Amino acid sequence: MFFINRFLVLAVLCLVVVQAATAANYVLGIGAAVDTEDAIAITAFGDLELREDTWLSASVGSTETEALVSGFETRFYDFGIDHFLDPIGLRLSGAYWGDSDILDSSDVRASVYFRDEIASFSVDYERRNFDFVFTNPFTDERRQATFHAEGWGMTNRVQLHDSFSVRLSGMQYEYSRRINLEPNIDVLRFLSASRLSLMNSLIDYRISAGMEYRFGLRAIDLSLGTWKTAVDQGKVDSISLGFLTPLSDRTDVEMRLSFDDSENFGRTTAFTVYLYYFGGN
């Protein structure tokens, strides 16, 4: 019931954004995901055209996992702007992620990219400031440790044919502290149980590659990925298959099935569905 209520709140938020954006082009989306580790996530997001070469974006989301006895819920907020001066563009965004009672972060991201009709390439930077709250085992006093991470990466996409494209992306993080040596850090080991609990949390690096085939207005894509967690240094390998198809002139639906294999937590499966609405002129 909790997630149904949250889902309805996000749906209402989308409708409010629609009313505010009726004079411009915009894209709205809402999605939900579940996995075999009893985690569930919901997300609402939107892009609004300020002018032909400038877009605002926003997303909000919530993930809940039963990996802890009391459960673990994270919230996610992201706001950004994208300005494109053909063929170079710049993206800037700020975000919040986490649970203030255990672990959360305030993030800043920036990307400089090149894009034309055949290919796109970006250099990506991210700065994350974390607060980790833990209990002193000797005094039962709650204490807080702060640290930060800086990440550099890239994102590439090449259109090899009118209907076929490939992509490659990666990000490497450097932490201000040795995360696996932090006091009571074991409480966070569940974060690497699946892609939903790992999403936006503590990782050393991530790499993914994929290919997409379009036939008419529909598309199928296959993605391969790997992550290394910063908490337990475990590696997670992943494969996912996605399918995108129109529902109407202005709506698309995307479904994705993902399989993850973790060195520390074994195999998990996740299913995700997104609904997109395209509005404006």
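Per chain, residues are indexed from 1 in the order of the written sequence. Two thresholds apply to this predicted model, a pLDDT of at least 70 for residue-level local features and 80 or more for giving and counting side-chain atom pairs, whereas whole-chain, interface and lining totals are computed over all residues. Here the side-chain values reflect all heavy atoms present in the structure, with hydrogen atoms and water set aside.

### A closer look at the confidence of the model for the protein
Okay, step 1: Per residue, pLDDT measures the predictor's confidence, with a range of 0 to 100. Chain-level pLDDT for the protein is 84 on average; 80% of the residues reach the 70-or-more range.
Okay, step 2: Where helices and strands are cited, they refer to DSSP runs of H or I of at least four residues and of E of at least two residues respectively, numbered from the N terminus. Predicted confidence in the protein is weakest over helix 1 (residues 2-20), with a mean pLDDT of 50, and strongest over strand 9 (residues 164-175), with 96.
Okay, step 3: Segment residues 1-5: pLDDT under 50, and seven contacts once partners within four positions in sequence are set aside and those in other chains are kept. For this analysis, residues touch if any pair of their heavy atoms sits within 4.5 Å.

### Considering the environment of Val-158
Okay, step 1: Positionally, Val-158 belongs in strand 8 (residues 142-161).
Okay, step 2: Here the term buried applies to any residue with accessible area under 20% of the maximum for its type, exposed to any over 50%, and partly exposed to those in between, with areas from a 1.4 Å probe on protein chains only. Residue Val-158 is classed as partly exposed on the basis of its relative accessible area, which comes to 32%.
Okay, step 3: For the pair Val-158 and Phe-121, spaced 37 residues apart in sequence, the C-alpha separation works out to 8.7 Å.
Okay, step 4: With residues near it in sequence (within four places) discarded, Val-158 still touches Ile-118, Ala-119, Ser-165 and Val-166.

### Observations concerning the packing of aromatic side chains
Okay, step 1: Only Phe, Tyr and Trp rings are paired, with Trp represented by its six-membered ring, and only when their centres lie within 6.5 Å; those with planes under 30 degrees apart are stacked, over 60 edge-to-face, the remainder tilted. One pass over the structure, following the stated rule, counts 11 aromatic pairs.
Okay, step 2: Between Tyr-125 and Trp-152, the aromatic rings sit 4.8 Å apart at their centres with planes inclined by 55 degrees, giving tilted as the arrangement. Placement of Tyr-125 in strand 7 (residues 119-135) and of Trp-152 in strand 8 is noted, with a sequence separation of 27 residues between them.
Okay, step 3: Overall, the relative accessible area of 23% leaves Tyr-125 in the partly exposed class.
Okay, step 4: For the pair Phe-130 and Phe-147, a centre-to-centre distance of 5.0 Å together with 20 degrees between the ring planes defines the contact as stacked. Residue Phe-130 is located in strand 7, and its partner Phe-147 is located in strand 8; the two are separated by 17 residues in the primary sequence. Of the two residues examined, Phe-130 and Phe-147, each falls in the buried class.

### Considering the nonpolar core
Okay, step 1: Grouped together as the largest cluster of nonpolar side chains are 21 residues, with contacts concentrated most on Leu-103, Phe-130, Phe-147, Tyr-173, Tyr-175 and Leu-202.
Okay, step 2: For this core, the secondary structure elements donating two or more residues are strand 4 (72-85), strand 5 (88-99), strand 7, strand 8 and strand 9. Among the buried residues, those of types Ala, Val, Leu, Ile, Met, Phe, Trp, Tyr and Cys that are joined through side-chain atoms within 4.5 Å form a nonpolar core.

### A closer look at unusual backbone geometry
Okay, step 1: That bond from Asp-86 to Pro-87 is cis: its omega, 10 degrees, falls within 30 degrees of zero.
Okay, step 2: Assignment of secondary structure puts Pro-87 in the loop between strand 4 and strand 5.

### Section: the pairing of strand 5
Okay, step 1: Strand pairing is defined by DSSP finding a minimum of two bridges between the two strands. By the bridge criterion, 11 bridges tie strand 4 to strand 5 in an arrangement that is antiparallel. Across the sheet, residue Gly-80 finds its bridge partner in strand 5, namely Ser-93.
Okay, step 2: Hairpin connection of strand 4 to strand 5: two residues between the antiparallel strands.
Okay, step 3: Pairing between strand 5 and strand 6 (residues 103-115): 12 bridges, direction antiparallel. Residue pairing across strands places Gly-89 opposite Tyr-113, the latter belonging to strand 6.
Okay, step 4: Taking the residues between adjacent antiparallel strands as the criterion, strand 5 and strand 6 are bridged by three residues.

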